[in-house]
Amino acid sequence: MRISATIYLIDHYANNLSSPMHKASTLSKLISAIAALGITIFTNSALALMAEFLIILTFIGAAKLPISRLLSWALYPAFFASLFALSQIPYSLVLPIITIFRAINTALIMLFLISTTPYPELFSILSTPSKTLGNVAFLTYRFFFLFIEQTGERFTVMKARGGLAGSWKIKITNLAHFIGMLFVTSFETSENMYAAMKTRGYSGSISYHKKLRQKFGKQDLIPILFTLCILALMIISTFFKARGLFV
Amino acid sequence: MREIVKVNCIKHRYADATEVSVCGLSFIIQEGERVAILGANGSGKTTMLLHILGILEPTEGEVTVFGEPPTKSSLHSKVAMVFQNVDEQIIGPTVWDDIAFSPLNYGHSSDEVKSMVDKMIRELGIQHLANRVPHYLSGGEKKKVAIAGAVVTHPKLLILDEALTGLDTKSQMETIELLNKLNKERGMAIAITTHEASIIPRVADVVYVISEGAIIFRGTPLELFQKPEVFRKAGLEPSPLIELLEALKNKGLEVEVSDDLEKAKRQILKLCKTDNS
C-alpha cells in the first residue's frame, strides 16, 4: 500500500508539522504556488531552473519538511520527463536539462503546497465558486482515509489467508473478489456515514465555519517571499539571457 | 418523570427481505434515565435504536419519541447518537470542525458555534485534541470526539450503540465517567446497547434484555443479576462472580446473587466464618 502510505505522510506533514509556511493562509500559499508554477513553465533558462530548484529546496527545508523524501517523490515525473529529454540530446544539451528541471520543480512546488496545507483547507476554497464542490471535498477527505484504511486491512487479511500465494489464475480471481468486496464495503460505509450525518442535522448541504479560511497577515510573508525569490531569479535570468550571458 | 421514548412491538423489513422484530415488553425511556439494552449480536438492539432515531420506519408497530413519530425533523436536535463504528461518524477534517458539524447544520451563527464548540471541548477535557486530524486519534480519543460531536447541541437523549465495545479498560472507564457526568449535570437521558453485562451497574438505572426479537426483561441491574437464567435465555454469559454466587445459592447457602464485588466478598467471608465456627 505504497500510495496510501505516501498520502498518509503528506497529510501528516500538512497537519502535524509547524512552520511559518504551515501557518500562512491557504489563499496566499495557493496564489504563491500558482505564480511559481507559471514562472517555472514559461522559463527557458536551464541555469535559472537549476537555481529555482535550489530555492524550492531551501524553502522546503525551512518548512521543516524532509527534503530527501519530497525529492524522491518529485523524481517520479522527472523519470518520465527524462525519457522525452533523452530523445532531444542529439539536437541540444540544454533542452533536456530544461525539460527535467521543469518537471522536478513543478512537482516540488505542488508537493510543497500540499505538504504545508491540509487538504480540506485547500479545497474549502472550492466552496467559494461552487458549494457542491466544497461539500464533495469536505466529505471525500474523511471517506478517503477510511477507505484506504479498510483497503489496507482487507488486503493484509487476504494475503495472510494465502490469497496471493496460488497460481496466477487464483491470484487474479482473489483480487477480483477483493475489489468486489471493497465496492460493497465502501457502499455500506457511505450509507452508514450518511445515517450518522442525518442524525447530526445534515440536510443536503454542509456549512463551513470561517475558521477554515484564515485572513491575510504577517504569516503570509513567507509565501510572498517564496514567489518574489523565484520571480526575481527569472527576471535576472531573462535580463542576462537577452545579452547572451545565461543558458 | 416524563416518558420520552416508547417502542411497542415493532417489525422492520430490510431491503434484502430480512425481517427483524422487537416485541415482548414495551420499551420505555424516562426523562434523565440511564437505560442499558442487553442482548446478543443480531438480537435486534441496533434495529430498535435506528427506529428511535427515525432512520428506519417500522413496517408494523409503534415508536414515539417525545410523543411524536421519530421521523419528524424537529426531533433531530433532541436525540443524538454515537454509532458503533465512530470512524463512520466523525466527518470533519479536524476535531474542532467535527464538533462544529451539528451546530452549523442546525443554523447557529458562527459566534454561537465557536462558543458552543469551545465550551464542549473544555467540558470534556479534550482541548489537546481540538486541532488534531481524526484519523490520527486513538480509539478512546475518537470515542470522546464522537460523544462531543453528538452532545454539543444539548440533546435530551443520547443513544450509544455498543459504544464501549473494543475499548481498553482505561478508555472504557473514562467514557463511562464522561457519560455519567453528562447525565448528572445535564439531566440527559442515556440509552446504551451492549452485550457486556459487567458494565451495566456502572452505566444504567434500568436494563432491558432482548432475545431473538423479544424484550424478555425489564428491571434494575440488581434485579437482573438475581436472575442469571435471563442471561442464558438471551444467549449471554453471566459474570463468573454471579455464576459462583448462584452455585452457592443452589447448594442451599444463604447468599444474594449480585454483581457487587464488595458485597460478594462480605457474603463469602461470612459463610467461611459460619463454617469455621
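Calculation notes
- Residues numbered from 1 in each chain as written.
- Chains lettered and ligands numbered in written order.
- Predicted model: local features only at pLDDT ≥ 70, side-chain atom pairs only at ≥ 80, totals over all residues.
- Heavy atoms only, no water.
- Core = buried A, V, L, I, M, F, W, Y, C linked by side-chain atoms within 4.5 Å.
- Buried < 20%, exposed > 50% of the residue type's maximum accessible area, 1.4 Å probe, protein only.
- Helix = DSSP H or I, 4+ residues; strand = E, 2+ residues; numbered from the N terminus.
- Contact = heavy atoms within 4.5 Å.
- Axes fitted to C-alpha atoms, helices over the stretch in contact; angles between N-to-C directions.
- Parallel < 35°, antiparallel > 145°, perpendicular 65-115°, else oblique.
- Left-handed = near helix turned anticlockwise from the far one by under 90°.
- Domains from an automatic or database assignment.
- Buried area = accessible area lost by both parts, 1.4 Å probe.
- Polar contact = N/O pair within 3.5 Å; in protein donor to acceptor, adjacent residues only side chain to side chain.
- Nonpolar A, V, L, I, M, F, W, Y, C, P; charged D, E, K, R; others polar.
- Salt bridge = Lys/Arg side-chain N within 4 Å of Asp/Glu carboxyl O.

> Any details on the nonpolar core? Residues and values, ideally.
Within the largest apolar cluster, 59 residues are counted, with the highest numbers of intra-cluster contacts made by Val82(B), Ile99(B), Ile147(B), Leu158(B), Leu160(B) and Leu224(B). Looking at this core element by element, the count peaks at 6 residues for helix 4 (residues 139-151) of chain B. With sequence-adjacent residues up to four places away left out, Leu158(B) is seen in contact with Ala80(B), Met81(B), Val82(B), Ala150(B), Val151(B), Leu179(B), Met188(B), Ala189(B), Ile190(B) and Ala191(B). Membership of the second largest hydrophobic core comes to 36 residues, among which are Leu37(A), Ile39(A), Leu65(A) and Ala78(A).

> If you had to explain the packing of helix 4 (residues 46-62) of chain A against helix 10 (residues 221-242) of chain A to someone new, which residues and values would you point to?
Residues and elements named next belong to chain A. Remark: helix 4 packs on helix 10, axes separated minimally by 10 Å, with the N-to-C direction vectors making an angle of 165°. Between helix 4 and helix 10, the crossing angle belongs to the class labelled roughly antiparallel. Regarding helix 4 and helix 10, the two cross each other, and that crossing is right-handed. The residues of helix 10 that touch helix 4, namely those facing Ala48, Ala51, Glu52, Ile55, Ile56 and Phe59, are Ile222, Leu225, Phe226, Cys229, Ile230, Leu233, Met234 and Ser237.

> Give a detailed account of the domain arrangement of chain A, specifying residues and quantitative values.
Frequently, the measure chosen for interface size is the accessible area removed from exposure when the parts meet. Residue and element names in this part refer to chain A. Domain boundaries assigned for chain A yield domain 1 (3-121 + 216-242) and domain 2 (131-211). Placing a centre on the C-alpha atoms of domain 1 and another on those of domain 2 gives a separation of 32 Å. In this assembly, 7 residues from domain 1 lie in contact with 7 residues from domain 2. Three residues stand out in domain 1 for area buried against domain 2, namely Ile7, Tyr8 and Tyr119, and they jointly supply 63% of the buried area on that side. Between domain 1 and domain 2 we count 0 residue pairs in polar contact (both at pLDDT 80 or more) in total. Elements with a contribution of two residues or more to the side of domain 1 that touches domain 2: helix 1 (2-16) and helix 7 (119-124). With 5 residues, helix 1 is the single largest residue contributor to the side of domain 1 that touches domain 2. Taken together, the residues of the side of domain 1 that touches domain 2 break down into 4 nonpolar, 2 polar and 1 charged.

> Before we move on, could you go through the domain arrangement of chain B and cite the residues and values that matter?
Residue and element names in this part refer to chain B. Under the domain assignment used here, chain B contains domain 1 (1-78 + 155-237), domain 2 (92-154) and domain 3 (239-277). The C-alpha-based centres of domain 1 and domain 3 are spaced at 31 Å. Taking both sides of the interface into account, the surface hidden between domain 1 and domain 3 amounts to around 760 Å²; carbon and sulfur atoms contribute 49%. A per-residue breakdown of the area domain 1 buries against domain 3 is headed by Phe225, Gln226 and Arg232, which together make up 50% of the total. On inspection of domain 1 and its partner domain 3, the count reaches 2 salt bridges. Ionic pairing is found between Glu246 and Arg232, a salt bridge with its closest N-O pair at 2.9 Å. Linking domain 1 to domain 3 there are 3 residue pairs in polar contact (both at pLDDT 80 or more). Residues belonging to the side of domain 1 that touches domain 3 are distributed by class as follows: 4 nonpolar, 2 polar and 2 charged.

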